[in-house]
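Here is how the chains run, residue by residue.
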Amino acid sequence: MYYIGIDLGTSAVKLLLVDENGGILNTVTREYPLEFPQPGWSQQNPEDWKRAVFEGVPQLLQGFDGAQVAGIGCGGQMHGLVVLDENDQVIRPAILWNDGRTAAQVDYLNGTVGKETLARLTANIAFAGFTAPKILWMRENEPENFARIRKIMLPKDYINYILTGVHCCDYSDASGMLLLDVEHKRWSEEMLSICGVTAEQMPRLYESYEVVGTVKPDAAQRLGISADVKVVAGAGDNAAAAVGTGVVGEGGCNISLGTSGTVFISSKKFGMDPNNALHAFAHADGGWHLMGCMLSAASCNKWLCDDILKTTDYAAEQQDITPEKLGRNHVYFLPYLMGERSPINDTNARGTFIGMTMDTTRSDLVQAVLEGVAFAIRDSFEVARSLGLGGIGFWEISQDDGGELISAAGAVMRNTWDNPFRDVKAGAWYEDAVRYVYENGMMQGTSDATFSPAAASSRGMIAAILHRLEGSPKAGTTSFSDVEPDAYCADAAAWAAKEGIIQGYEDGTFRPGAPITRQQLAAMLFRYAVWMGEEGTGR
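These numbers were taken from a predicted model, which means no experiment stands behind them.

Draft legend 1. Region of interest: the pattern of salt bridges. Inspection of every chain in the model, using the stated rule, returns 14 salt bridges. Residue E142 pairs with R92 through a salt bridge whose shortest N-O separation is 2.7 Å. Of the two residues, E142 sits in the loop between α3 (131-141) and α4 (143-147) while R92 sits in the loop between β6 (82-84) and β7 (94-95), which places them 50 residues apart along the sequence. In this pair, the class of E142 matches that of R92, namely buried. The salt bridge partner of E190 is R120, with a shortest N-O separation of 3.8 Å. Separated by 70 residues along the polypeptide, E190 in helix α7 (residues 189-195) and R120 in helix α2 (residues 103-122) bring together distant segments of the chain. Residue E190 is classed as partly exposed on the basis of its relative accessible area of 39%. Connected via shared salt-bridge partners are K156, D157, D170 and D173.

Draft legend 2. Focus on the packing of α2 against α3. It is the contact of α2 with α3, at a shortest axis distance of 9 Å, that shows an interaxial angle of 115°. Crossing geometry of α2 relative to α3 is assigned as right-handed. Here α2 contributes Q105, V106, Y108 and L109 to the contact with α3, which in turn contributes P133, L136, W137, E140 and N141. Of the residues that constitute the contact of α2 with α3, the class distribution is six nonpolar, two polar and one charged.

Draft legend 3. Quick look at the nonpolar core. Of all hydrophobic cores here, the largest spans 81 residues; its most connected members are I152, L179 and W187. Among the elements that make up this core, the one with the highest residue count is helix α12 (residues 362-386) (eleven residues). With residues up to four places along the chain from it excluded, the contact list for W187 reads A174, M177, L179, L180, D181, L192, M202, P203 and L205. Counting residues in hydrophobic clusters, the runner-up holds 42 residues, among them L8, F54, L84 and A233.

Draft legend 4. Examining a nonpolar patch on the surface more closely. A cluster of nonpolar side chains, namely Y332, L334 and I354, defines an oily patch on the protein surface of about 290 Å² accessible area. Structurally, the position occupied by I354 is in strand β21 (residues 352-354). Classification of I354 as partly exposed rests on a relative accessible area of 42%.

Draft legend 5. Representation of the packing of aromatic side chains in the model. Applying the stated criterion across every chain, the model contains seven aromatic pairs. Ring geometry for W41 versus W137: centroids 5.4 Å apart, planes at 85°, classification edge-to-face. Remark: W137 occurs in helix α3 and W41 occurs in the loop between β3 (24-31) and β4 (43-44); sequence separation between them is 96 residues. The class of W41 is buried, set by a relative accessible area of 18%. With a centroid separation of 6.3 Å and 20° between ring planes, the pair formed by W303 and F333 is classed as stacked. Remark: F333 occurs in strand β20 (residues 332-334) and W303 occurs in helix α10 (residues 298-308); sequence separation between them is 30 residues. On the basis of relative accessibility, which here comes to 26%, the residue W303 falls in the partly exposed class. A relative accessible area of 5% places F333 in the buried class. Looking at R101, its charged tip hangs above the ring of W137, at a distance of 4.7 Å from the centre. For the cation-ring pair, R222 lies above F54, with the distance from its terminal atom to the ring centre recorded as 4.1 Å.

Draft legend 6. Representation of the environment of D218 within the structure. Tracing the backbone through its elements, the reader meets D218 in helix α8 (residues 217-223). Each C-alpha atom of the pair D218 and L163 lies 9.0 Å from the other, and the pair is 55 residues apart in sequence.

Draft legend 7. Quick peek at the pairing of strand β2 (residues 12-19). Sheet topology note: the strand β1 (residues 2-8)/β2 ladder contains seven bridges and is antiparallel. For Y3, the partnering residue across the bridge sits in β2 and is V18. Counting the residues between successive antiparallel strands, the hairpin from β1 to β2 contains three residues. Here β2 folds back onto β3, and the loop between the two strands holds four residues, one of which, G22, carries a positive phi near 85°.

Draft legend 8. Structural context of the confidence of the model for the protein. Considering every residue of the protein, the mean pLDDT works out to 78; 72% of them sit at 70 or more. Within the model, pLDDT remains below 50 along residues 390-411, and this stretch shows 72 contacts once partners closer than five positions in the same chain are excluded. Within the model, pLDDT remains below 50 along residues 440-496, and this stretch shows 123 contacts once partners closer than five positions in the same chain are excluded.

Draft legend 9. Representation of α10. Among all positions in α10, only A298, C300, N301, L304, C305 and D306 are buried. Each element contacted by the buried residues of α10 is listed here: α11 (314-318), β20, β21 and α12. Phi turns positive one or two residues past the end of α10, at K310, with a value near 60°.

Basis of the calculations
Residues numbered from 1 in each chain as written. Predicted model: local features only at pLDDT ≥ 70, side-chain atom pairs only at ≥ 80, totals over all residues. Heavy atoms only, no water. Salt bridge = Lys/Arg side-chain N within 4 Å of Asp/Glu carboxyl O. Helix = DSSP H or I, 4+ residues; strand = E, 2+ residues; numbered from the N terminus. Buried < 20%, exposed > 50% of the residue type's maximum accessible area, 1.4 Å probe, protein only. Axes fitted to C-alpha atoms, helices over the stretch in contact; angles between N-to-C directions. Left-handed = near helix turned anticlockwise from the far one by under 90°. Contact = heavy atoms within 4.5 Å. Nonpolar A, V, L, I, M, F, W, Y, C, P; charged D, E, K, R; others polar. Core = buried A, V, L, I, M, F, W, Y, C linked by side-chain atoms within 4.5 Å. Patch = residues over 30% accessible without salt bridge, like charges linked within 9 Å, V, L, I, M, F, W, Y side chains within 5 Å. Areas by Shrake-Rupley, 256 points an atom, 1.4 Å probe, with all protein chains shown as cover. Phe/Tyr/Trp six-rings, centres within 6.5 Å; stacked < 30°, edge-to-face > 60°. Lys NZ or Arg CZ within 6 Å of the ring centre and 35° of its normal. Pairing = 2+ DSSP bridges. pLDDT = per-residue confidence, 0-100.

Shown next as structure tokens:
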């Protein structure tokens, strides 16, 4: 049996054909235009999505038996407002997630209605990208179109409707509308009333994995599949990506770098950020998640290279960004090309280069963009840390919709976050770390058995170095031979706290104020590594 995945992205739909074991059989990408009718506005014609799917699926199935297709799942861009009239015809172009026209409506919701009220009703506050402000914008600026609305949908749900004739939405995608009572997974009647719409205008809600219907006969004929193919509700793009990277259940986390960038933290229980800097949404696994979203991530690099430097050879532009340059650039970049959501929620924020001089080079600008994106992503993670989530397993990266444009981002992220991601082999990373500390005069030699760092360093990096020097013991399975690990680690931790060596778990840094033996430091950091996970590299 075969299964079709549909990823309705901002710039293209990506179609995937897999077998019953998840093996990838074929992929197809069909692009469509993006409209910017005014500065800060962003919209698309849903008919372009429909055309891309109906042209792409037959291409996807070339050489395969379409009768063997058993199911379809659709995910994609969140928050976009799709409105249908009484004949289920699209009323106007869809207002997308990265549209910034709703500043006045966001101010009304957060200021007049009140953030506390919004958080009580939906677990979130208003952001320009969310759907509710777009509905208010239509009511105020296009009253005739607003009066014609019979159904309100999200982008991927429009595709599900075209396939099945069912008006549906899953909880993960609905969470980003600011119309859902996220904790109890139902439409908020009070929020619907605030926006001037009714429950009858909203789609039926499903869990992401639930079947919403089967493919209509006319759609099945055009696609080249049978009419009994099941269609599931699907998920918003970030929830779907999280499932794909195994970020389900309690305490998982991933970074997704595409047109936008997100930090996604899964949970089995409902929870929310009391300051609402992170979104509290339902997850595709049936649970919930916290998410920070920046509006311009890989798209910043695409903008710089395509529009400013006039090149599409992204790898060549990054060749001069060598490891020793990371963190030492004199040029800084604020990646707010479309305003910003998490955590600052400012539609008027703008991108800026800072620190340019007469000797600034092309590679300085490219590096500044990559590092600016990395630090903007880190802003959301720091909020998560402030909520006591510093021990989450944070070492999965997914790339989508422009992720291929940032081949150097792995190194930039590792430097920015001061921790290794799993895309680096452990052995090679240890060797690089050891070489780094020797080259920077941090290791005084093996004869005196002392470790005298000359600069602040990551506890995780030092732990990895010392694991290698001590024979790379496996976390949880090997102790150091000269001491009882529990007692020795407790002594080492107490000593470090007394001497002011450990500054706290919050900032993730280790700043020794005095020489410390390698054995003592190794034992202390080994305990930290066990707490963090296998070999100090996360989950």
